[in-house]
Amino acid sequence: MSATPTVDLWDQVKERVRSHVGEQSFSTWFSPTAQESFSDNKLVVSVPNKFSRDWLNENFQVLIRETASAIAGRECAVVFKPVEIKEPDLEAVFRHLTG
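Residues numbered from 1 in each chain as written. Predicted model: local features only at pLDDT ≥ 70, side-chain atom pairs only at ≥ 80, totals over all residues. Heavy atoms only, no water.

Novice: Can you help me understand the overall build of the protein in this one?
Specialist: Secondary structure assignment for the protein yields 4 helices and 3 strands. Reading the protein from its N end, one meets helices and strands in the order α-α-β-β-α-β-α. Counting over 99 residues, the protein shows a buried share of 30%. Within the protein, residue pairs in contact and separated by at least 24 positions form 62% of the contacts whose partners lie at least 6 positions apart. Working note: accessible area of the protein is about 6,600 Å², and carbon and sulfur atoms make up 53% of it. (Helix = DSSP H or I, 4+ residues; strand = E, 2+ residues; numbered from the N terminus. Buried < 20%, exposed > 50% of the residue type's maximum accessible area, 1.4 Å probe, protein only. Contact = heavy atoms within 4.5 Å. Areas by Shrake-Rupley, 256 points an atom, 1.4 Å probe, with all protein chains shown as cover.)

Novice: I tried to follow the pattern of salt bridges on my own but got confused; where do I start?
Specialist: Side chains that differ in charge, positive against negative, can pair when their charged atoms come close. Under the definition given, this model contains 5 salt bridges. Two residues, Arg-53 and Asp-54, come together in a salt bridge whose shortest N-O distance is 2.9 Å. Residue classification places Arg-53 among the partly exposed residues on the basis of a relative accessible area of 25%. What makes Asp-54 partly exposed here is its relative accessible area of 31%. Residues joined by salt bridges that share partners form a network here, namely Glu-15, Arg-18 and Glu-23. (Salt bridge = Lys/Arg side-chain N within 4 Å of Asp/Glu carboxyl O.)

Novice: Is there a simple way to think about the environment of Arg-18 in this case?
Specialist: Structurally, Arg-18 can be placed in helix 1 (residues 9-21). By relative accessible area, which is 28% here, Arg-18 ends up partly exposed. Along the backbone, Arg-18 and Phe-30 are 12 residues apart, and their C-alpha atoms lie at a distance of 8.4 Å. When neighbours within four sequence positions are excluded, Arg-18 is seen to be in contact with Glu-23 and Phe-26.

Novice: Teacher, can you tell me more about the side chain of Ser-46 here?
Specialist: With respect to the helices and strands, Ser-46 occurs in strand 2 (residues 42-47). Reaching out from Ser-46, the side chain makes a polar contact with the side chain of Glu-36 at a distance of 2.8 Å. Each residue touching Ser-46, except ones within four places of it in the same chain, is listed here: Pro-32, Thr-33, Ala-34, Glu-36, Lys-81 and Val-83. (Polar contact = N/O pair within 3.5 Å; in protein donor to acceptor, adjacent residues only side chain to side chain.)

Novice: What am I meant to see in the pairing of strand 1 (residues 34-39) here?
Specialist: Each regular strand displays side chains that alternate between the two surfaces of the sheet. Bridge count between strand 1 and strand 2: 5 bridges; the pairing is antiparallel. Bridging across to strand 2, Ala-34 finds its partner in Ser-46. Count of turn residues in the strand 1/strand 2 antiparallel hairpin: 2 residues, of which Asp-40 carries a positive phi of about 50°. (Pairing = 2+ DSSP bridges.)

Novice: Explain the packing of aromatic side chains to me, please; I cannot follow it from the model alone.
Specialist: Two measures describe an aromatic ring pair: the distance that separates the ring centres and the angle between the ring planes. For the structure shown, the criterion picks out 7 aromatic pairs. Measuring from ring centre to ring centre gives 6.3 Å for Trp-10 and Phe-30, while their planes differ by 25°; the resulting arrangement is stacked. Here the residue Trp-10 occupies a position in helix 1, and Phe-30 occupies one in helix 2 (residues 23-30), the gap between them amounting to 20 residues. Note on Phe-30: relative accessible area 0%, which makes it buried. With a centroid separation of 5.8 Å and 40° between ring planes, the pair formed by Trp-29 and Phe-51 is classed as tilted. You can see Trp-29 sitting in helix 2 and its partner Phe-51 sitting in helix 3 (residues 50-72), a full 22 residues away along the chain. (Phe/Tyr/Trp six-rings, centres within 6.5 Å; stacked < 30°, edge-to-face > 60°.)

Rendered as structure tokens:
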């Protein structure tokens, strides 16, 4: 059994980073994220959109990578994956509803 739980690595990273970024930044940029996977020293984190991905990479990538590596006990890469929710095709919905 591994000494480091990998299931909630991102939650642990968020808790440590929270004190460094302030509540407003944390709420805006970190709260709407979730760990997608952690394997082969690569932590994949789902973010709401490309803008969030870019902002986290530009502003907190080093802090996040160093924090994840410290928690995991080994060098880790962190990848932010945008999970943009597509708007429904309103025309198709309308056609379906009107027969």
